[in-house]
Each structure stands twice: as C-alpha cells, then as structure tokens.
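What follows is each chain in one-letter form.
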Amino acid sequence: KPHFLTTAPPHIGAWTQHFMQAEIPVLAATARVLDELRAIEDDVDANMLTPVIQADPLMTLKLLSRVAGLRRPGTNTETESISTSLVLMGIGPFFRHFGPQRSVEDWLVDHPEAQQGLQSLLNRAERAGQFALGFAVHRGDTDATIIHQAAFLNDFAEMLVWLHAPTLAMKIRDAQAADTTLRSSAIQKAVLGVEIADLRQALMKLWHLPELLVNISDPRHAERANVQCVLLAVRLARHTAHGWDNSAVPDDITDIAKLFNAPPRVALAFLHKIDHPILEATSLTGCAPPPGSSVPD
C-alpha cells in the first residue's frame, strides 16, 4: 500500500526530497501496453514506444528524469524528445530499468475522489499540450515538440500531490470551490506551505531535466514567444476545462490573438478547430493520440 502524506512537509526542500525518492505510478493503459511490448522486446524500437510514453505525463517524467541521470555532468547536447531519450537509453536498458509499472488506478484505489481530481488534471494536460502544439505549429516555431512537452508536463507537480498527498490536494480543491476569488497560489501556500509552480521548477532542476524544457516552463521568461505558447495554452486549458463560457476566456483569446498577430475572431475559430478533436479523443484513461495527430493544417 502506498504511504500517503497527510500533513505538509515543513519546507520546499522536504517536499522535493520526498518526491525524489517516491515511487511514481503510471496510467493503467500505459502499464498494460508496456507489458505487451516487453513480451516482444526484440521487435520493439523507439518509434513503437514513443506514442505510448508521450500520451502519459507521469511516464514521460520518469523517462526524462532517468535519461538526464545517465548524462555526463557538463554534457552540452541535451536530449529533449521522448524518441531521442529512448535511443540514448536503449530499448533493452529501458525495459530492464522500467519493470512492470504500478498503475495510478491501483495506487488510488481507496481514494476515488483523488482519482477523479487526477483525471481532471490529466485531461487538462492533454488539452494544454495540444493547444501549445497548435500555437507552435501555427507560428512555425522550431521547438514545437518541446513546447508541447512543456505544456503537457506543466501540472506534473500537482499530479504528484494528488498521488502522494490526496487529502491535502482535496483540501486545496475544496478551498478553491468555496471561494473562486482566492488565488490558487495563496491556497497552495496555506495548505502545502509551498506554491506548486515553485515545487515544479525545483523538481525539474533536481531531476536535471533538459534546460530548454525547464526554461520554457518558467513564467519568469514570459516575454519569450515559446514561453507564451506554453503559458497561454495552460491558461486556456484551465479556463475551458468545463466549457468555453468561463469569464476569463475572452482575455485568453485577446492574448492568443496578439501572439498570432490575428483578429480575436480568427484566433477563436482556430482554437475551436484545435480543441474539437481533443474532446473526441480524450478518453477516461487519459490516453490520447500522439502529438501532431490533431493539429489543424
């Protein structure tokens, strides 16, 4: 049985230490397909594994942090995509290191509310990733893959809180529901003693995740277009999680239109075009088509 945190660790260092040593389960669909591929390991290549891993933010995180640990200190060439990470690691070593995976569904079997909270985050991550990819492709950005990855992984620290401290995560959710005017960061600080965005950046650095991924995920670089792609995609995914009638959406569309250098009505039509396949594709497992499959022309 997993050991859940019921009280917040005293400071960010204690939080990061906990997560650096903690087991991270993956989606049941991911665990199942990895087991099927493990049985035919000699026939498996990076192209077969990539779509399985990149549909699951938790498995993506595990692979990227593992590969980062294999690099020699001071190495300049940073592996940034799932497929290049797999090539660097090797298929045999991948299956040896990542044995049969514990599933999120088993991990949270006694916490159905936490499963639901995590599922909402997984759906949001999928949509944020697809929005960011759409923005990047539209702008002709050469870092489209990493921009997708940054938006897709944006909520990973919050996912870890749902997995390892479900009662605290529910406390945050309930406080937000009780008073929608409260800032998320203030509630997080009150319940966890840290802001989740700070926890995310600290973990990314400790796991030595690719520098470009860390930088693109940092709101302090908001003047850069690739960072804007991520921030706006994450914002829009959050505000449209339950439909497009949230009062914050018009501001999102205005800012996205500026990024595109297009009128807001054109930007809105483009956003609906990106979003439509996502709504159809996102399943209850959280698995979705690989990046690029629902990007409009």
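Scroll up for the structure.
About the thresholds
- Residues numbered from 1 in each chain as written.
- Predicted model: local features only at pLDDT ≥ 70, side-chain atom pairs only at ≥ 80, totals over all residues.
- Heavy atoms only, no water.
- Helix = DSSP H or I, 4+ residues; strand = E, 2+ residues; numbered from the N terminus.
- Buried < 20%, exposed > 50% of the residue type's maximum accessible area, 1.4 Å probe, protein only.
- Contact = heavy atoms within 4.5 Å.
- Areas by Shrake-Rupley, 256 points an atom, 1.4 Å probe, with all protein chains shown as cover.
- Lys, Arg positive; Asp, Glu negative; His and termini not counted.
- Charge placed at Lys NZ, Arg CZ, Asp CG, Glu CD.
- Axes fitted to C-alpha atoms, helices over the stretch in contact; angles between N-to-C directions.
- Parallel < 35°, antiparallel > 145°, perpendicular 65-115°, else oblique.
- Nonpolar A, V, L, I, M, F, W, Y, C, P; charged D, E, K, R; others polar.
- Salt bridge = Lys/Arg side-chain N within 4 Å of Asp/Glu carboxyl O.
- Phe/Tyr/Trp six-rings, centres within 6.5 Å; stacked < 30°, edge-to-face > 60°.
- Polar contact = N/O pair within 3.5 Å; in protein donor to acceptor, adjacent residues only side chain to side chain.
- Core = buried A, V, L, I, M, F, W, Y, C linked by side-chain atoms within 4.5 Å.
- Left-handed = near helix turned anticlockwise from the far one by under 90°.

1. Quick notes on the overall build of the protein
Then, number 1: A count of helical and extended segments in the protein gives 17 helices and 0 strands.
Then, number 2: Per-residue burial over the protein gives 51% buried out of 297 residues.
Then, number 3: A separation of at least 24 residues holds for 70% of the contacts in the protein among residues at least 6 apart in sequence.
Then, number 4: Accessible area of the protein: about 13,900 Å², with a carbon and sulfur share of 53%.
Then, number 5: On the protein, the mean spot of the 25 positive side-chain charges and the mean spot of the 33 negative ones are 5 Å from each other.

2. Some details on the packing of helix α10 (residues 156-164) against helix α13 (residues 196-206)
Then, number 1: Taken N-terminus to C-terminus, the directions of α10 and α13 make an angle of 100°; their axes are 8 Å apart at the nearest point. With respect to α13, the element α10 is oriented roughly perpendicular. In this structure, α10 uses Phe156, Ala157, Glu158, Leu160 and Val161 to contact α13, whose residues at the interface are Ile196, Leu199, Arg200, Leu203 and Met204.
Then, number 2: Per-class residue counts for the contact of α10 with α13 are 8 nonpolar, no polar and 2 charged.

3. Quick notes on the environment of Pro100
Then, number 1: For Pro100, the position within the fold is in the loop between α6 (91-97) and α7 (104-107).
Then, number 2: Separated by 66 residues in the primary sequence, Pro100 and Leu34 have C-alpha atoms spaced 7.8 Å apart.
Then, number 3: Discounting chain neighbours no more than four positions away, the residues touching Pro100 are Asp35 and Arg38.

4. Concerning the pattern of salt bridges
Then, number 1: One pass over the full model with this rule turns up 13 salt bridges.
Then, number 2: Arg38 is the partner of Asp35 in a salt bridge, and the nearest nitrogen-oxygen pair spans 3.5 Å. One end of the pair, Asp35, and the other, Arg38, are both in helix α2 (residues 28-38), 3 residues apart, so they sit about a helical turn from each other.
Then, number 3: According to the relative accessible area criterion, Arg38 is partly exposed, its value standing at 21%.
Then, number 4: Arg124 is paired through a salt bridge with Glu158; the nearest N and O atoms lie 3.7 Å apart. Linking Arg124 in helix α8 (residues 112-139) with Glu158 in helix α10, this pair joins segments that are 34 residues apart in sequence.
Then, number 5: Overlapping salt bridges bring together Arg235, Asp252, Asp255 and Lys258 as one network.

5. A closer look at the side chain of Asp155
Then, number 1: Structurally, Asp155 is set in the loop between α9 (144-152) and α10.
Then, number 2: Among the residues examined, Asp155 registers a relative accessible area of 10% and is labelled buried.
Then, number 3: In contact with Asp155, not counting residues within four places along its chain, are Leu121 and Arg124.

6. As for α13
Then, number 1: Of all the positions in α13, only Ile196, Leu199, Arg200, Gln201, Leu203 and Met204 are classed as buried.
Then, number 2: Directly beyond the C-terminal end of α13, a positive phi value near 55° is found at His208.

7. Digging into the packing of aromatic side chains
Then, number 1: For the structure on display, the rule yields 8 aromatic pairs.
Then, number 2: Seen in terms of ring centroids, Phe131 and Phe135 are 6.3 Å apart; in terms of plane orientation they differ by 25°. Their pairing is stacked. Placement of the pair is Phe131 and Phe135 together in helix α8, with a separation of 4 residues, close to one helical turn. The same class applies to Phe131 and to Phe135, which are both buried.

8. Brief notes about helix α3 (residues 46-54)
Then, number 1: Along α3, the residues classified as buried are Ala46, Leu49, Thr50, Val52, Ile53 and Gln54.
Then, number 2: Against α2, α4 (57-70), α5 (82-89), α6 and α9 lie the buried residues of α3.
Then, number 3: Between the side-chain oxygen at the start of α3 and the backbone nitrogen of Asn47 there is a gap of 3.1 Å, and the oxygen is on Asp45.

9. Regarding the nonpolar core
Then, number 1: Counting 73 residues, the largest nonpolar core has Trp15, Phe135, Phe156, Leu160 and Leu192 as the members making the most contacts within it.
Then, number 2: The dominant element in this core, judged by the number of residues it contributes, is α8, at 11 residues.
Then, number 3: For Phe135, the contacting residues outside a window of four places in its chain are Cys229, Leu232, Ala233, Ile256, Leu259, Phe260, Phe270, Leu271 and Ile274.
Then, number 4: Core analysis: the next-biggest nonpolar cluster, separate from the first, contains 19 residues, Val44, Met59, Ile82 and Phe94 among them.

10. Brief notes about the side chain of Thr16
Then, number 1: Checked against the element boundaries, Thr16 lands in helix α1 (residues 12-21).
Then, number 2: The contact partners of Thr16, leaving out residues within four places of it in the chain, are Leu199, Ala202, Leu203 and Leu206.

11. Thoughts on the packing of α2 against α3
Then, number 1: Viewed as axis vectors pointing N to C, α2 and α3 meet at an angle of 165°, and their least axial separation amounts to 10 Å. As far as their axial angle goes, α3 and α2 are roughly antiparallel. The two elements α2 and α3 meet at a crossing, and its hand is left-handed. Seen from α2, the contacting residues are Thr30, Val33, Leu34 and Leu37; seen from α3, they are Met48, Leu49 and Val52.

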